[in-house]
Amino acid sequence: MGKLRVGVIFGGRSGEHEVSLASARSVMGAMDPEKYEVVPIGITKEGAWIASGDPMAALTEGDLSLSAPATLLPDPSRRGLMRLEEEGGRTILSLLAELDVVFPVLHGPYGEDGTVQGLLDLAGVPYVGAGVTGSAVGMDKAIFKRVMQAHGLPVVDYLLVMRREWEADPEGVMDRIEAKLGYPVFTKPANLGSSVGVNKCHDREGLARGLADAAQYDRKLLVEAAVPQAREIEVSVLGNDDPIASVPGEIIPSREFYSYAAKYLDEGEQASELLIPAPLPPEVTERVRELAVEAYRAIDCAGMARADFLLSGETGALYVNELNTIPGFTKISMYPKLWEASGIPYSQLIDRLIELALERHADRMRNRTTYRPEEE
Ligand SMILES: Nc1ncnc2c1ncn2[C@@H]1O[C@H](COP(=O)(O)OP(=O)(O)O)[C@@H](O)[C@H]1O
Ligand SMILES: [Mg+2]
């Protein structure tokens, strides 16, 4: 058998573009060259696809001449990555590389939210991670909470506010929030990540600032009761129909909460700390691992996800906060570190994810897409 050609997609139209580059560098560096032929595929912040040459360098250095325009067609009969060439006012398409499987290493909107997954489904290319539904539900914090509630899984008290409502009647919206949740609360855009647009609000003034900030990023704004003395517990989940959970880890944020700066900017002594395994009583460990798998199944996830929890240090209450369907994937990121601590080293984890992608695709191909009533 020849090597598997794996397209690794990185960058993208998201605030988490740089994080994606770091994750993808680690992933590509750890893929066994005996087994895989890596086809790096970059997406610029404007959404242009590039491949061939060195798309990673092109994005890192902001010099697109280091790579070349490419695209993927939604037509499965023209499977493969296409090169785009401009010639005399025409655009010419030619096959650049066949792809056996794709590993989208894209965080946030336009990558982790089901959009790229939809394109890959149309193109008929197997891919790592959740499908359209799991990705979309994992991305939208408001829909996600509703799905958790429908499955009886614990989430914090919250209110969903539409940007239109907030802009039309800010005082009325804040009155409603104060009556239902009091202070402190967290405000966040429904569809984002990396704590961008997330604020902790202690009073009405802070609330107005928080909502205005979140409204820059989304038309759906989430307001949540702050978990008292929140501890941040995370579990890695892996699998398709029979997902397994890793040991839990804990994050000790370097700031008042796990903000963008606490995630990516604070370094050395100042950096946020990862504790693996999380120092939890055995019954709490078991409970978070169970909840992680239940939440994973509830959103119809596949491949992988990192399940994030908030555990109140004051009341002991445990809440499902979110599922990240494409979690940070550098060698020092929580998702792979938790697997390492659970007996699956980094490059084996990549092997397993690719296997799961192929299995899921094969399972999907079993579905009939035609129906002839006369057969009944
Ligand atoms: N309800 C809450 N109670 C306490 N802390 C919270 C709450 N919501 C968010 N946070 C803090 O804000 C961080 C980012 O919020 P989160 O919902 O995880 O957004 P993101 O998708 O950007 O990671 C969390 O890791 C946590 O530190
Ligand atoms: Mg988070």
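Keep in mind that this is a model prediction, so the values were computed, not measured.

Definitions and limits used
Residues numbered from 1 in each chain as written. Chains lettered and ligands numbered in written order. Predicted model: local features only at pLDDT ≥ 70, side-chain atom pairs only at ≥ 80, totals over all residues. Heavy atoms only, no water. Helix = DSSP H or I, 4+ residues; strand = E, 2+ residues; numbered from the N terminus. Rg over C-alpha atoms; globule rule 2.2 N^0.38 Å. Contact = heavy atoms within 4.5 Å. Areas by Shrake-Rupley, 256 points an atom, 1.4 Å probe, with all protein chains shown as cover. Lys, Arg positive; Asp, Glu negative; His and termini not counted. Charge placed at Lys NZ, Arg CZ, Asp CG, Glu CD. Buried < 20%, exposed > 50% of the residue type's maximum accessible area, 1.4 Å probe, protein only. Pairing = 2+ DSSP bridges. Domains from an automatic or database assignment. Expected span 1.5 Å × (residues − 1). Arc of directions from axis to C-beta.

Side note on the overall build of the protein chain
The secondary structure content of the protein chain amounts to twelve helices and 17 strands. In terms of C-alpha radius of gyration, the protein chain reaches 22 Å, essentially the compact-globule figure of 21 Å for 376 residues. For the protein chain, the C-alpha atoms occupy an extent of roughly 65 × 60 × 50 Å along the three principal directions. For the protein chain, restricting intrachain contacts to residue pairs at least 6 apart in sequence, the fraction spanning at least 24 positions comes to 63%. Of the roughly 17,400 Å² of accessible surface on the protein chain, 50% is carried by carbon and sulfur atoms. Where the 38 positive side-chain charges of the protein chain centre and where its 57 negative ones centre are 3 Å apart.

Section: the pairing of strand E11 (residues 220-225)
Across the six residues of E11, six count as buried, placing the element largely inside the fold. Both faces of E11 are covered, namely the face carrying Lys220, Leu222 and Glu224 and the face carrying Leu221, Val223 and Ala225. Examined bridge by bridge, strand E8 (residues 158-162) and E11 share five bridges and lie antiparallel to one another. Bridge pairing in E11 places Val161 opposite Leu221.

Looking at the domain arrangement of the protein chain
Many descriptions give the size of an interface as the accessible area lost when the pieces come together. Under the domain assignment, the protein chain is made up of domain 1 (4-127), domain 2 (138-153 + 229-363) and domain 3 (158-225). Placing the centre of domain 1 and that of domain 3 at their C-alpha centroids yields a distance of 35 Å.

Description of helix H8 (residues 204-215)
Taking 1.5 Å of rise per residue, twelve residues should cover 16 Å, and H8 covers 16 Å from first to last C-alpha, within 8% of that figure. Considered for burial, the residues of H8 that qualify are Gly206, Leu207, Gly210, Leu211, Ala214 and Ala215. Each buried residue of H8 sits inside an arc of 165° when the element is viewed along its axis, so together they form one side. Those residues of H8 that are exposed and angled more than 90 degrees off the buried face are Glu205 and Arg209. Considering only its buried residues, H8 is in contact with helix H6 (163-168), helix H7 (170-181), strand E9 (185-189), strand E10 (199-201) and E11.

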